[in-house]
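Chain by chain, the residues:
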Amino acid sequence: MIAVVTGAVLGLALTLAGTPLFIKLLVKRGYGQFIRDDGPTSHHMKRGTPTMGGAVILVAVVVAYFATHLIMLASGAPSSGPSTSGMLLLLLTVGMGLVGFADDFAKISKKQSLGLTPWAKIAGQGGIGVLFAILALNFPNDDGLTPASTAVSFIRETALDFSVAGPVIGAILFVLWANFIITGTTNGVNLTDGLDGLATAATAMVTAAYTIISIWQFNQACANPDSVAGVCYSVRDPMDMAMLAGIITGSLIGFLWWNTSPAKIFMGDTGSLALGGALAGFAILTHTQLLFVILGGLFVIIALSVILQVGYFKLSRGKRIFLMAPLQHHFELKGWAEVTVVVRFWIIGALSVGLGLALFYAEWVVFQ
């Protein structure tokens, strides 16, 4: 628990102090945001605001993670160093962040709001997702637990296991399933980004929830003799997951200080794709894949609004359900102030997280 608090404080301090320095660097180089011409007119005043702020979050998370482990080792506190699950989560997070950075840099170089081609972005996300999924099925610990499982999970693993089709086919199906989760989550967070502080705080709520979930899984691990048989958790490296979730939460809070309205910096695709990767990684590595649909309800709603808009537009030959998608921009065009949209969407995100945590705990209480 000390490691979780230490990591969160380090992450908070690094982004709180490092973001204004990064803002000065971006301003000096003229790396500003380009705004879509078909978006709300109120966004045009944001043109030129420094972007790629997700780089600060990524650096803070990586530095805080390894620094916390060094602090724990130096203090004599129980610590086995960076875990396999922790390194895999960083691989997915940083890898997606690099794809986002390439997209952001392409926008700045071309001086337009379009960066990488859709296929280039999909290829980058897919390559990293496949690598993560394959590695996550390997590296068993002394108890035989690998970071991920071929079983589909809700609050814990369900009876639906891809391995029934055989080890090779099962692994392939898991890789496809994991990439569906990763792609959906990264795009969901990416679509949610666009209003000052919206995606930052919404993501922090979910990572805070995963901090709680991972601590609970550690305390109720099946390897723990005090755990309740039948409802204990067979999850690898839960305390390291809790520490990383705490670090990301702290880093996001520190970044939010500068990203809240009026934003001094945007996270860009560097941040949104990285954070989407992190959330997908938590869902897979904590064996709560379907629970994330509830925990990340805000991201799901916003992603669905885009799917519905595009689908209906094509089927109806030009008609629209919303004034504009993603959904947050629909309400802006209806006359809601940006801050009003952000706060109300934060409330939806908080209610989704609260419901997800309630279901997680209720399952343990009911079946113990």
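In this numbering scheme, every chain counts its residues from 1 along its sequence in written order. Residue-level local features of this predicted model are given only where pLDDT is at least 70; pairs of side-chain atoms are given and counted only at 80 or more, and the full residue set underlies all totals for whole chains, interfaces and linings. Derived side-chain values reflect all non-hydrogen atoms in the structure, with water molecules and hydrogen atoms excluded from consideration.

Basic side-chain nitrogens of Lys or Arg form a salt bridge, by our definition, when they fall within 4 Å of a carboxyl oxygen of Asp or Glu. Here the structure, examined in full by the defined rule, presents 4 salt bridges. Note that K121 is salt-bridged to D103, the shortest N-O span being 3.3 Å. On the criterion of sequence distance, the pair formed by K121 in helix α4 (residues 118-136) and D103 in helix α3 (residues 84-110) is long-range, its members being 18 residues apart. Summarising the burial analysis for this pair, K121 and D103 share the class buried. Between E363 and R156 there is a salt bridge whose closest N-O contact spans 2.9 Å. Of this pair, E363 sits in helix α12 (residues 338-367) while R156 sits in the loop between β1 (151-153) and β2 (157-161), and the two are 207 residues apart along the sequence. Any residue under 20% of the maximum accessible area for its type is buried, any over 50% is exposed, and the rest in between are partly exposed; the area is computed with a 1.4 Å probe on protein chains only. What makes E363 buried here is its relative accessible area of 17%. In this structure R156 comes out as buried when scored by relative accessible area, which is 18%. Only runs of H or I of at least four residues qualify as helices and only runs of E of at least two qualify as strands under DSSP, and these elements are numbered from the N terminus.

Before going further, it helps to spend a moment on the UniProt feature "binding site: Mg(2+)" (unreviewed entry) in the protein chain. UniProt tags N190 and D269 as "binding site: Mg(2+)" (unreviewed entry). The greatest C-alpha distance among the residues just named is 6.6 Å, despite their covering 80 residues of sequence, which places them together in space. Inspection of the secondary structure puts N190 in helix α5 (residues 167-192). The contact definition used throughout considers only heavy atoms, calling two residues in contact when any of these lie within 4.5 Å. Apart from the residues within four sequence positions on either side, N190 is in contact with D269, S272 and L273. Among the secondary structure elements, D269 is positioned in helix α8 (residues 268-285). D269 has contacts with G100, D103, D104, K107, K121, N190 and A274, leaving out every residue within four places of it along the chain. UniProt positions are given in the numbering used here, feature names are shortened, and annotations may be inferred rather than shown by experiment.

What follows covers unusual backbone geometry. Omega for the bond connecting S261 with P262 falls within 30 degrees of zero, at -10°, which places this linkage in the cis form. Within the element layout of this structure, P262 appears in the loop between α7 (238-259) and α8. Cis rather than trans, the peptide bond between A325 and P326 has omega equal to 0°. At D237, a residue that is not glycine, the phi angle is positive and equals roughly 55°. Within the secondary structure, D237 sits in the loop between α6 (198-219) and α7.

Of all hydrophobic cores here, the largest spans 83 residues; its most connected members are V206, Y210, L244, F282, I284 and F345. Setting aside residues no more than four positions away along its own chain, Y210 makes contact with A245, F282, A283, T286, T288, F292 and L295. In this description, a nonpolar core means a group of buried Ala, Val, Leu, Ile, Met, Phe, Trp, Tyr and Cys residues linked to one another through side-chain atoms lying within 4.5 Å.

A few words now on the environment of P167. One can find P167 in helix α5. Its relative accessible area of 71% is what places P167 among the exposed residues. Each C-alpha atom, one on P167 and one on I321, is 44 Å from the other, the two residues being 154 residues apart in sequence.

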